[in-house]
Amino acid sequence: MKNEKLIPLLKSFIAAGSISGQEKGMADLVMNFCKENGYDSVQSDSYGNVICCIKGSKPGPKLLFDGHMDTVPVTDPSVWTTDPWGGEIKDGKIYGRGTTDMKGSLAAMCCAAADFAAETGKDFAGEIYVAGVVHEECFEGVASRKISEAVKPDYVIIGEASDLNMKIGQRGRAEIVVETFGKPAHSANPDKGINAVYKMSKVIDALRDIVPTEHPVLGKGIMELTDIKSSPYPGASVVPEYCRCTYDRRLLVGETKESVLEPIQAVLDKLMAEDPQLKAKVSYAVGEETCYTGEKIQGERFFPGWVFDKDEDFVQAVYKQLQADGFTPEITKYNFCTNASHYAGEAGIKTIGMGPSNESLAHVVDEYCELTELDGVYGSFKSIMKALLK
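Quick look at the structure, then. (Residues numbered from 1 in each chain as written. Predicted model: local features only at pLDDT ≥ 70, side-chain atom pairs only at ≥ 80, totals over all residues. Heavy atoms only, no water.)

Ranked by size, the top nonpolar core spans 83 residues in total, and within it V30, F65, F381 and M385 carry the most contacts. Other than its neighbours up to four places away in sequence, F65 contacts M109, I128, Y129, V130, A131, I157, F381, I384 and M385. One finds A206, L268, L278 and F302 within the second-largest nonpolar core, a separate group that totals 24 residues. (Core = buried A, V, L, I, M, F, W, Y, C linked by side-chain atoms within 4.5 Å. Buried < 20%, exposed > 50% of the residue type's maximum accessible area, 1.4 Å probe, protein only. Contact = heavy atoms within 4.5 Å.)

Here we take up the pairing of strand 3 (residues 58–68). Two elements, strand 3 and strand 6 (residues 125–133), share eight bridges in a ladder whose sense is parallel. Directly across from H68, in strand 6, lies its bridge partner V133. Here strand 3 pairs with strand 7 (residues 155–158) via four bridges, running parallel. In the sheet register, D66 faces strand 7, and the bridge partner there is I158. (Pairing = 2+ DSSP bridges. Helix = DSSP H or I, 4+ residues; strand = E, 2+ residues; numbered from the N terminus.)

A few words now on the packing of helix 3 (residues 99–120) against helix 9 (residues 371–388). At a minimum axis distance of 8 Å, the contact between helix 3 and helix 9 shows a crossing angle of 50 degrees. Judged by the inter-axis angle, helix 3 sits oblique to helix 9. Where helix 3 crosses over helix 9, the handedness of that crossing is right-handed. On helix 9, the residues touching G104, S105, A108, M109, C111, A112, A113, D115, F116 and E119 of helix 3 are L374, V377, Y378, F381, K382, M385 and K386. Residue composition of the contact of helix 3 with helix 9, by class: 11 nonpolar, two polar and four charged. (Axes fitted to C-alpha atoms, helices over the stretch in contact; angles between N-to-C directions. Parallel < 35°, antiparallel > 145°, perpendicular 65-115°, else oblique. Left-handed = near helix turned anticlockwise from the far one by under 90°. Nonpolar A, V, L, I, M, F, W, Y, C, P; charged D, E, K, R; others polar.)

Secondary-structure assignment places F314 in helix 7 (residues 313–324). Sequence separation of F314 and G355 is 41 residues, and the distance between their C-alpha atoms is 18 Å. Setting aside residues no more than four positions away along its own chain, F314 makes contact with Y155, F308, K350, T351, I352 and L388.

Here three strands make up an open sheet; going across it, the order is 4-5-21 and the pairing antiparallel. Single-partner strands in this sheet number two, and they are strand 4 (89–90) and strand 21 (368–370). Where strand 4 lies against strand 5 (residues 93–95), two bridges are found, and the strand directions are antiparallel. Directly across from I89, in strand 5, lies its bridge partner I94. Each of strand 5 and strand 21 touches helix 3; the most contacted strand, strand 21, lies at about 50 degrees to it. Together, strand 4, strand 5 and strand 21 form the strand contacts of helix 9, whose direction differs from that of strand 21 by roughly 65 degrees.

With 12 residues, helix 7 ought to run about 16 Å at 1.5 Å a step, and its terminal C-alpha atoms sit 16 Å apart, in line with that. Every buried residue of helix 7 is accounted for by F314, V315, Q316, V318, Q321 and L322. Packing partners of the buried residues in helix 7 comprise strand 7, strand 8 (166–170), strand 19 (331–334), strand 20 (350–353) and helix 9. Just downstream of helix 7 lies G326, where phi reads positive at about 95 degrees. (Expected span 1.5 Å × (residues − 1).)

Glancing now at the pattern of salt bridges. Pairs can form between side chains of opposite charge once their charged atoms are near each other. On inspection of all chains with the given rule, the structure shows 17 salt bridges. When the shortest N-O distance is used, the salt bridge between K24 and D28 registers 2.9 Å. With K24 and D28 both in helix 2 (residues 24–36) and four residues apart, the pair spans about one turn of that helix. In this structure, D311 and K310 form a salt bridge, with 3.6 Å as the shortest nitrogen-oxygen distance. Assessed through its relative accessible area of 49%, D311 is described here as partly exposed. Salt bridges sharing common partners tie together E140, R173, E175 and R301. (Salt bridge = Lys/Arg side-chain N within 4 Å of Asp/Glu carboxyl O.)

All we've got here are geometric facts, nothing functional implied.
In structure tokens:
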């Protein structure tokens, strides 16, 4: 199952570049393609997200395909064996930054929706939306809030890499900041100060004793220390008065901002009661980036987990249609965080992940996507439309 426009469209996406905050060229390509290929409306919002819609001839559910336009940077093009923005094809693979994560999927979405509408004469029940989303690599799900507010979808398909399997869940992610506050002094007289790093070392040891939460499908709610900083830095002959640690916490279904911090706060309260000199605080990291439109996008780094039962009606409807059309997906879960943290985790919208390629090929040197996987996901997307827009 092929579409002659798919590879040229993907090549143009790759050539555009589009690291987070610089997606305008990519957004223009998505909008132009959709305007030229039968979409009923094409618009963008204040963040620069692109929302393109095709309406069926009968009322029905709204089906949203979510594909982020941004990529991580290419830090050193010289170590690539192909041009990272060239879209070179060899040995049945197309190479370039974003081929797997996730311009290949977005290109397939654009083409599949246009072709489904043309092949059915728009004689289907409902509306198809294809969204090109900004800043996913920085804030999973934050920019998507504007899209779901505008569209109010009944179903969402996340196009992240899945090897053409159906993903019905993922752990979420939080960035947790732990801070200790000391008292500066000359390092020749350390007894005159309070070393915030020494205090933090006690905190780190105690936090390792927290038993992680666990979910039968999603696994453990891991909390891992990812960085530590002290101030002043460099600390020439100064006892550090401040120390900050960042933890990566993998979130499970039902965990809230309050429930995740509660055991950490309990540890800090106990330590501070035992040591009057220890002053410590826990919170979530807050990020802010500038969109290509000039708008600021800001969010607390708490992106919920989600999971659906494989026997739910919408999951089985898609699964059976894919099988009927000759595809052989497995029903499984993502190991990483996606925009579905908003759609499914925050908003409770029925969501499935489906994309070409393997997640291990995201963010790597010589990123590529198999051409057969692109053809497969293009066909799979049309099957999903058939299943949910009856």
